[in-house]
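Observations on the model geometry
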Amino acid sequence: MLPLSLLKAAQSHPMLVELKNGETYNGHLVSCDSWMNINLRDVICTSKDGDRFWRMPECYIRGSTIKYLRIPDEVIDMVKEDALAKVRNRTEMNKGRAGGGGQGNVQNQNQRNRGGNRNNSNNRNMQGSASASGGVRQFSQNNRSAMQQNKLGK
Amino acid sequence: MDDLNPLAGTAHLLEEVDKKLMVLLRDGRTLIGYLRSVDQFANLVLHRTIERIHVGNEYGDIPRGVFIIRGENVVLLGEIDREKESKLPLKEISVDDILDAQRREQEQRQEKHRLISKALKERGLAVNADIINEDFC
């Protein structure tokens, strides 16, 4: 998972952003883009020496001024779980296809008839990921609610 | 290197993924953590990161968690050798002690710079803030 995808996954989570000039901004991530420009809400800004503070309801930070961002551990755990679910789902899909033979649409069959082994596998991958992503969302949601139950149990 | 590879140039960083790395930032800070991800700008994701502060031959570790570091702020990074790590010629001390030591070191440095700028002024030389501050940036 690329650094910027992780940042996107951290949306709505609290984080600390340190700028190149040493100022830090604590707040919840509202949105970010591919230049690392970010929107924060409920922000506390701390001066470089750490002895002055400013509160602001929201702020926008230009990506190029950022030194680093610190995000909560949960975000990585969450992302890991989703990735794992995706892999699990894909292997299950493949198993299902190998056993049942599948219906296969017209295009797929055409390619199979041509004997293009490569085309066939490409197609399978694409299908796998497209349908997997639909299933994954459900799966990860289940997972998460299970996790919450665990937490409650503790 | 393969020109079709969208990560050409940072490809060698991919080999460091999931290894324990030391990262030196442009502000002089040292971070140690597991590299989880890299992109074409050499932005990094560090997991289970500690910030290590060195003063003389003592050091202290502060747990910091997950970092997304903007690539342009990195000076260097390298893999930590697990075998050599256990026999460092340095002494680990508590976070409070190392922060104390760091503060004292900083004060000494400021005092030194104050004397330098004073001496320069007495000799009619302009004080160059860049030279004075080079250790701080």
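Residues numbered from 1 in each chain as written. Chains lettered and ligands numbered in written order. Predicted model: local features only at pLDDT ≥ 70, side-chain atom pairs only at ≥ 80, totals over all residues. Heavy atoms only, no water.

Here we come to the overall build of chain B. On a plain count of helices and strands, chain B comes out with 4 helices and 6 strands. Order of helices (α) and strands (β) in chain B, N terminus to C terminus: α-β-β-β-β-β-α-β-α-α. Sorting the 137 residues of chain B into buried and exposed places 35% on the buried side. When contacts within chain B are restricted to residue pairs at least 6 apart in sequence, long-range pairs at least 24 apart make up 46% of them. Accessible area for chain B stands at about 8600 Å²; split by element, carbon and sulfur atoms hold 50% of it. (Helix = DSSP H or I, 4+ residues; strand = E, 2+ residues; numbered from the N terminus. Buried < 20%, exposed > 50% of the residue type's maximum accessible area, 1.4 Å probe, protein only. Contact = heavy atoms within 4.5 Å. Areas by Shrake-Rupley, 256 points an atom, 1.4 Å probe, with all protein chains shown as cover.)

In this section: the UniProt feature "domain: Sm" (unreviewed entry) in chain A. Within this structure's numbering, the places UniProt gives as "domain: Sm" (unreviewed entry) are residues 2–75 of chain A. The span residues 2–75 of chain A shows a helical share of 14% and a strand share of 53%, and its end C-alpha atoms are spaced 13 Å apart. (UniProt positions renumbered as here; feature names shortened; annotations may be inferred.)

With that out of the way, let us pick up the pattern of salt bridges. The full count for this structure, using the stated rule, is 18 salt bridges over all chains. A salt bridge links K20 of chain B to E85 of chain B; the shortest N-O distance between them is 2.9 Å. Here K20 of chain B, found in strand β1 (residues 20–25), pairs with E85 of chain B, found in helix α2 (residues 82–85); they are 65 residues apart in sequence, far enough to count as distant. Of the residues examined, E85 of chain B reaches a relative accessible area of 24% and is grouped as partly exposed. Several salt bridges share partner residues, and in doing so they unite E18 and K67 of chain A together with D27 and R29 of chain B into one network. (Salt bridge = Lys/Arg side-chain N within 4 Å of Asp/Glu carboxyl O.)

One can find N73 of chain B in the loop between β4 (58–69) and β5 (74–79). Contact partners of N73 of chain B, with chain neighbours within four places excluded, come to K20, I66 and K67 of chain A together with L24, L25 and R26 of chain B. Within the structure, the side chain of N73 of chain B is placed 3.2 Å from the backbone oxygen of I66 of chain A, a separation counted as a polar contact. (Polar contact = N/O pair within 3.5 Å; in protein donor to acceptor, adjacent residues only side chain to side chain.)

A word on the interface of chain B and chain A. When the parts of a complex come together, some accessible area is lost, and that lost area is often taken as the interface size. On the side of chain A, 22 residues touch chain B, which itself brings 21 residues to the contact. Taken over both partners, the interface formed by chain B and chain A buries close to 1900 Å², and the fraction arising from carbon and sulfur atoms is 58%. Contact with chain A buries area across many residues of chain B, yet V66, I68 and R70 of chain B alone supply 36% of it, more than any other trio. On the surface where chain B and chain A come into contact, there are 3 salt bridges. Taking the shortest distance from any N to any O, the salt bridge between D27 of chain B and K67 of chain A comes out at 2.6 Å. Joining chain B to chain A, the criterion identifies 12 residue pairs in polar contact (both at pLDDT 80 or more). (Buried area = accessible area lost by both parts, 1.4 Å probe.)

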